[in-house]
Amino acid sequence: MNIANNILKHNLKNVYFLMGTACGGKTTMAKELSKKYGFIHFNDNWNEDSFKVWQSLLDEKYQPNSTKRKEINWEEYFSRSVEEFLSDKNDNHGTNEQLEFSIIELIKLSQTKRVIADIWIEDWDFLMEISDASRIACLLAPGEMIIRDYYQREDHKDFTDCIQSLKNPEKKFETQNELFRLGAKEMADKANNYNLFSIMRSDESTIENTLPLLEGHFCLINN
């Protein structure tokens, strides 16, 4: 049975979505909104118990991409060209399958509390059908800023260390840098094409000047 998107939308009316690029500030702002307004901050691994439930449910019949993961040869993986990365339809590693689980979790959590969701949704047509533009915000960063900041973050250390351990890491980093540039442009174009509220991060951006913009868009002030 497929659940119609309008029914999902009705049941997700207490969910606010933060979309955008890496280093755009999604996690930071989700935490700030949660702290100030008592929102539940939900991401794909929103708590350890929930993620364990997702993993325990995996079934090859229903989640073929997620269950067919194998030990990745990182040398081969990161040796691919930009074009190969972009054309690999299996790069989502089951994220669309996990999205189904996340949507159900969001519905459960949002029945009694408001939720700020920082999750990956590839299909924005689907996003626009299950939510409203007034409950979606895009937090963006320019490609060069992503390249400058991404590898410095502690939560990306495993990614950086992995590439550093491979042959010719400089070339592999440059491939990732080009993917960051292309991804940043694609995300900004998407936000524009869907006419969604967006904030482009700069070196002058702070929590103090970004939070009021989100509060205004989400109509949270005095609410």
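About the cut-offs
Residues numbered from 1 in each chain as written. Predicted model: local features only at pLDDT ≥ 70, side-chain atom pairs only at ≥ 80, totals over all residues. Heavy atoms only, no water. Helix = DSSP H or I, 4+ residues; strand = E, 2+ residues; numbered from the N terminus. Expected span 1.5 Å × (residues − 1). Buried < 20%, exposed > 50% of the residue type's maximum accessible area, 1.4 Å probe, protein only. Axes fitted to C-alpha atoms, helices over the stretch in contact; angles between N-to-C directions. Parallel < 35°, antiparallel > 145°, perpendicular 65-115°, else oblique. Contact = heavy atoms within 4.5 Å. Nonpolar A, V, L, I, M, F, W, Y, C, P; charged D, E, K, R; others polar. Salt bridge = Lys/Arg side-chain N within 4 Å of Asp/Glu carboxyl O. Pairing = 2+ DSSP bridges.

*Asks:* Where do I start with helix 11 (residues 169–193) in this structure?
*Replies:* Note that an α-helix has 3.6 residues per turn; residues three or four places apart therefore point the same way. Across its 25 residues, helix 11 extends 36 Å between first and last C-alpha, which sits within 8% of the 36 Å expected from 1.5 Å per residue. Residues of helix 11 that are buried include every one of P169, K172, F173, T175, Q176, N177, L179, F180, A184, M187, K190 and A191, and no others. Phi turns positive, to about 55 degrees, at N195, one or two residues after helix 11.

*Asks:* How should the packing of helix 10 (residues 157–164) against helix 11 be read in this particular structure?
*Replies:* How two helices pack is summed up by the angle between their axes together with the distance between the axes. Where helix 10 contacts helix 11, the two axes come as close as 8 Å, and the packing angle between them is 135 degrees. By the angle between their axes, helix 10 is oblique relative to helix 11. Note on element contacts: helix 11 touches helix 10 through P169, K172, F173 and Q176, opposite F159, T160, I163 and Q164. Each residue belonging to the contact of helix 10 with helix 11 can be placed in one class, and the counts come to 4 nonpolar, 3 polar and 1 charged.

*Asks:* Just checking my understanding: could you explain the pattern of salt bridges for this structure?
*Replies:* A side chain with one charge can pair with a side chain of the opposite charge if their charged atoms come near. For the coordinates displayed, the defined rule picks out 13 salt bridges. Put simply, E215 and K36 hold a salt bridge, and the shortest N to O gap is 2.7 Å. Remark: K36 occurs in helix 2 (residues 26–37) and E215 occurs in helix 12 (residues 207–217); sequence separation between them is 179 residues. In this structure, the salt-bridge partner of D203 is R148, at a minimum N-O distance of 2.9 Å. Here D203 is found in the loop between strand 5 (197–200) and helix 12, whereas its partner R148 is found in helix 9 (residues 143–150), with 55 residues between them in sequence. Relative accessible area serves as the criterion here: at 42%, R148 is assigned to the partly exposed category. Among the ionic contacts, a cluster of salt bridges with common partners joins E144, E174, E178 and R181.

*Asks:* So what exactly am I meant to see when it comes to the pairing of strand 3 (residues 115–118) here?
*Replies:* Looking down a regular strand, the side chains alternate between one sheet face and the other. Residues V115 and A117 line one face of strand 3 and the alternating positions I116 and D118 line the opposite face, and both faces are buried. Of the pairings in the sheet, the one linking strand 1 (residues 15–20) to strand 3 comprises 3 bridges and is parallel in character. Paired with Y16 across the two strands is I116, which belongs to strand 3. Both strand 2 (residues 40–43) and strand 3 contribute to a ladder of 4 bridges, which runs parallel. Considered in strand 3, the bridge of F42 is made with A117.

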